[in-house]
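Spelled out from the first residue to the last, the chains are:
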Amino acid sequence: MDKIEYFDQKVETASRDEMAMLQFQKLEILLKKVYTSNPFYRNKFKNLGITPSEIRSIDDLHKLPFTTKREFEEDQEKHPPFGTNLTEPLENYVQYHQTSGTTGKPLKFLDTKESWEWRGRVACYVLKGAGVKRGDRILFPFNFGPYTAFWVIYEGAYQLGILIIPTGGWNSLQRLECIIENKATVIPTTPTYALGLADTANEHQINIANSSVRILMLSGEPGALISGIKEKLQRLWNARCFDYIGLTEVGTWGFQCTEEPKGVHILESEFIAEIVAPETGMPIKEGKVGELILTNLGRSCMPAVRYRTGDLVKVKKGFCGCGRTFRILEGGVLGRKDEMIIIKGVNLFPNVLTNIVESHILPGDNYQIEVYKERGVDEIAIKLEMKEEGRREGIQRTIRDEIKRRLNLRVEVKIVPMGTLPKFDYKAKRFIDRRKEGHV
């Protein structure tokens, strides 16, 4: 077995009491600074009559109010362009990023030099968790944009002293040739683009399974925790897959290690994580599914205190074989509370259907899952584009039968002409809810 890679072994293997003490020390510093000079949170706390002196331990965190994405959005709408969640003078900020805007207008987020270094330090835990080490060569197959997912890995790689190979502005073939020529070993990417690169490699007879790549670091959408996607990527690339999870407004809070194939560690030295019932906001018992609430501890310049992520998670009991004492979320993010659908009495997350479809299609195939209403009844249709005509009828039947067997649901599986569905190079949108529109 390979040696376990740690970024800060003392912190990563700390006892639960030691972790709580470390978290409170950081929280105390954060709250004092924020209450003194951050208009957004100072007003939020004062309106509820709360001061930092009332928070005497981690157990008192529940006294503070939740923060929602809508609050950040309204703040930036009322106080453009950056809102009032700024703890330092504007001239101290050096990095601009924004959310993807998939659920509304993008949120803008700024970092100071110190907070950007913190984001990179967080990424060091992520990289080490996946077994990345000195001597690796990390190739970034994307154009630098305003989204943080791969920027932070770039900063983390820089802090660890790992050779960085940027390929912004290049097409997929150029990037593949660069991977082969420069013997890249680590590729941070979305699962969608990793599959797209594999499809391009196949078209140009490039044997990526025989390349030097040993690690795919996946973010932006579920990948290494979706068995159908993971198995396909590991077969095509002959490389191990690791998910890491974050939000622009909070930071990169979760990572997969080399010893836990079905869960992610919460980076508890840098984030306080609470899991609550979505309906009541009250804590739930370990092992139950609830909404993840996060407080970042290293980004006082534009903080997120008790931020409601909307992500549904479940803590796994026991400890990880890697030796880390950070809690593990079984299956990572199980779904979003606003994405759960009820079809004919069955509670369902889109990821479940995605996993089934991905386990049967080939690189170059495309699909979309749509929910619609037919005569007042919610229905599901899966649309498939398939390159190989001879496989079409069999795949239709196989997917339909597996969904019926596993979920006791009848769904419509349609084969549509190539080019009918949108093609995604970066982050795929596989699930569409058309129930307000009618039939698909």
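Small disclaimer: the values here were computed from a predicted structure and weren't measured. Starting afresh in each chain, residues are numbered from 1 along the sequence in its written order. The predicted nature of this model means local features are confined to residues of pLDDT at least 70 and side-chain atom pairs, given and counted, to a pLDDT of 80 or more, with totals for whole chains, interfaces and linings taken over all residues. Computation of side-chain values covers all heavy atoms of the structure but excludes hydrogens and water.

1. Describing the overall build of the chain
Definition in use: Secondary structure follows DSSP: runs of H or I at least 4 residues long count as helices, runs of E at least 2 residues long count as strands, and numbering of each begins at the N terminus. Exposure categories follow from relative accessible area, calculated using a 1.4 Å probe and restricted to protein chains: below 20% of the type maximum is buried, above 50% is exposed, and the middle band is partly exposed. Should any heavy atoms of two residues lie within 4.5 Å, those residues are counted as being in contact. Computed by Shrake-Rupley with a 1.4 Å probe, the accessible areas treat only the displayed protein chains as cover when residues are assessed. When charges are tallied, Lys and Arg are placed among the positive residues and Asp and Glu among the negative ones, while His and the ends of the chain are skipped. Working definition for charges: the position is that of NZ of Lys, CZ of Arg, CG of Asp or CD of Glu.
Looking only at helices and strands, one finds 11 helices and 21 strands in the chain. Each principal axis of the C-alpha distribution contributes one length, and for the chain these read about 70 × 55 × 45 Å. For the chain, buried positions account for 54% of its 440 residues. Of the contacts made within the chain by residues no fewer than 6 positions apart, 68% connect residues no fewer than 24 positions apart. When the accessible surface of the chain is summed, it comes to about 20,200 Å², and 50% of that surface belongs to carbon and sulfur atoms. With 64 positive and 58 negative side-chain charges, the chain shows a separation of 2 Å between the mean positions of the two kinds.

2. Examining the nonpolar core
The criterion, for reference: Joining through side-chain atoms within 4.5 Å is the link that ties buried Ala, Val, Leu, Ile, Met, Phe, Trp, Tyr and Cys residues into a set, and such a set is a nonpolar core.
By size, the foremost hydrophobic cluster in this structure holds 73 residues, and its most contacted members are Leu 27, Ile 138, Ile 153 and Met 217. When residues of this core are assigned to their parent elements, the largest contribution, eight residues, is made by helix α5 (residues 113-129). Residue contacts for Met 217: discarding those within four places in its chain leaves Val 126, Leu 127, Ala 130, Val 132, Val 186, Ile 187, Pro 188, Thr 189, Phe 242 and Tyr 244. Residues Cys 178, Ile 187, Ala 194 and Ala 239 belong to the second largest nonpolar core, which totals 25 residues.

3. Digging into the sheet that holds strand β15 (residues 335-336)
Let me state the cut-off plainly: A pair of strands is considered paired only if DSSP assigns at least 2 bridges between the two.
Pairing is antiparallel in the open sheet, where four strands are placed in the order β10-β11-β12-β15. Edge positions in the sheet fall to β10 (271-276) and β15, since each has one partner strand and no second. Relative to strand β12 (residues 307-313), strand β11 (residues 290-296) is paired through four bridges, and the arrangement is antiparallel. Following the sheet pairing, Gly 290 is matched in β12 by Val 313.

4. Examining the packing of aromatic side chains
For clarity, the cut-off: Aromatic contacts are taken between Phe, Tyr and Trp rings whose centres are within 6.5 Å, Trp giving its six-membered ring; a plane angle under 30 degrees counts as stacked, one over 60 as edge-to-face, and the others as tilted.
Within this structure, the stated rule accounts for 12 aromatic pairs. With a centroid separation of 4.9 Å and 85° between ring planes, the pair formed by Phe 40 and Tyr 41 is classed as edge-to-face. The burial state of Phe 40 is the same as that of Tyr 41; both residues are buried. Between Phe 72 and Phe 109 the ring centres are 5.9 Å apart and the planes differ by 80°, which places this aromatic pair in the edge-to-face class. Taken together, the residues Phe 72 in helix α4 (residues 69-78) and Phe 109 in strand β2 (residues 108-112) connect sequence positions 37 residues apart. Looking at Phe 72, the relative accessible area reads 3%, which means it is buried. For Phe 109, a relative accessible area of 1% corresponds to the buried category.

5. A word on the packing of helix α3 (residues 39-47) against α4
Spelled out, the test is: Under this scheme, a helix contributes an axis fitted over its contacting stretch, all axes are lines through C-alpha atoms, and angles between N-to-C directions fall in the 0 to 180 degree range. For classification purposes, angles smaller than 35 degrees are called roughly parallel, those larger than 145 roughly antiparallel, those between 65 and 115 roughly perpendicular, and all remaining angles oblique. The hand of a helix crossing depends on one turn: near helix anticlockwise from the far one by less than a right angle means left-handed, and clockwise means right-handed. Amino acids are sorted into nonpolar (Ala, Val, Leu, Ile, Met, Phe, Trp, Tyr, Cys and Pro), charged (Asp, Glu, Lys and Arg) and polar (every other residue, Gly among them).
At a minimum axis distance of 12 Å, the contact between α3 and α4 shows a crossing angle of 120°. Here α3 lies oblique to α4, going by the angle between them. α4 is crossed by α3, and the crossing has right-handed handedness. Where α3 abuts α4, its residues Phe 40, Tyr 41 and Lys 44 lie against Glu 71, Phe 72 and Asp 75. Its residues assigned to classes, the contact of α3 with α4 shows three nonpolar, no polar and three charged.

6. Some details on the pairing of strand β3 (residues 137-140)
In this structure, β3 lies alongside strand β4 (residues 163-166), joined through four bridges in parallel fashion. If you follow Ile 138 over to β4, its bridge partner there is Ile 164.

7. Notes on the environment of Gly 145
Mapped onto the elements of the fold, Gly 145 is located in the loop between β3 and α6 (148-160). Sequence separation between Gly 145 and Gly 120 is 25 residues; the distance between their C-alpha atoms is 17 Å. Residues in contact with Gly 145, not counting those within four places in the same chain, are His 97 and Trp 151.

8. Notes on the state of the cysteines
To keep things clear, this is the line we draw: Note on disulfides: each one is a pair of cysteine sulfur atoms within 2.5 Å.
Counted according to the given criterion, the structure contains zero disulfides. Looking at the unpaired Cys 257, the closest cysteine sulfur is the one in Cys 320, lying at 3.5 Å. The exposure class assigned to Cys 257 is buried, which follows from its relative accessible area of 1%.

9. Here we look at α4
Heads up, the rule is: This arc corresponds to the set of directions leading from the helix axis out to the C-beta atoms.
Within α4 the residues assigned to the buried category are Phe 72, Glu 73, Asp 75 and Gln 76. One side of α4 carries all its buried residues, which in axial view fall inside an arc of 165°.

10. Observations concerning the environment of Tyr 147
With respect to the helices, strands and loops of the structure, Tyr 147 is situated in the loop between β3 and α6. Separated by 135 residues in the primary sequence, Tyr 147 and Met 282 have C-alpha atoms spaced 32 Å apart. Every residue in contact with Tyr 147, bar those within four places of it in the chain, is listed here: His 97, Gln 98, Thr 99 and Ser 100.

11. Some points on the pattern of salt bridges
Note on pairing: side chains with opposite charge can pair once their charged atoms come close. Selection criterion: Salt bridge, as applied in this entry: a Lys or Arg side-chain nitrogen positioned within 4 Å of an Asp or Glu carboxyl oxygen.
Applying the stated criterion across every chain, the model contains 27 salt bridges. With its nearest N and O atoms 2.7 Å apart, the salt bridge here joins Asp 136 to Arg 214. Of this pair, Asp 136 sits in the loop between α5 and β3 while Arg 214 sits in the loop between α8 (191-203) and β6 (215-218), placing them 78 residues apart in sequence. Given a relative accessible area of 31%, Arg 214 falls into the partly exposed group. The salt bridge involving Lys 387 is made with Asp 199; its shortest N-O contact spans 3.4 Å. Residue Lys 387 is found in the loop between β19 (377-385) and α11 (392-407), and its partner Asp 199 is found in helix α8; the two are separated by 188 residues along the sequence. Lys 387 gets classed as partly exposed once you look at its relative accessible area, which sits at 43%. For Asp 199, a relative accessible area of 11% translates into the label buried.

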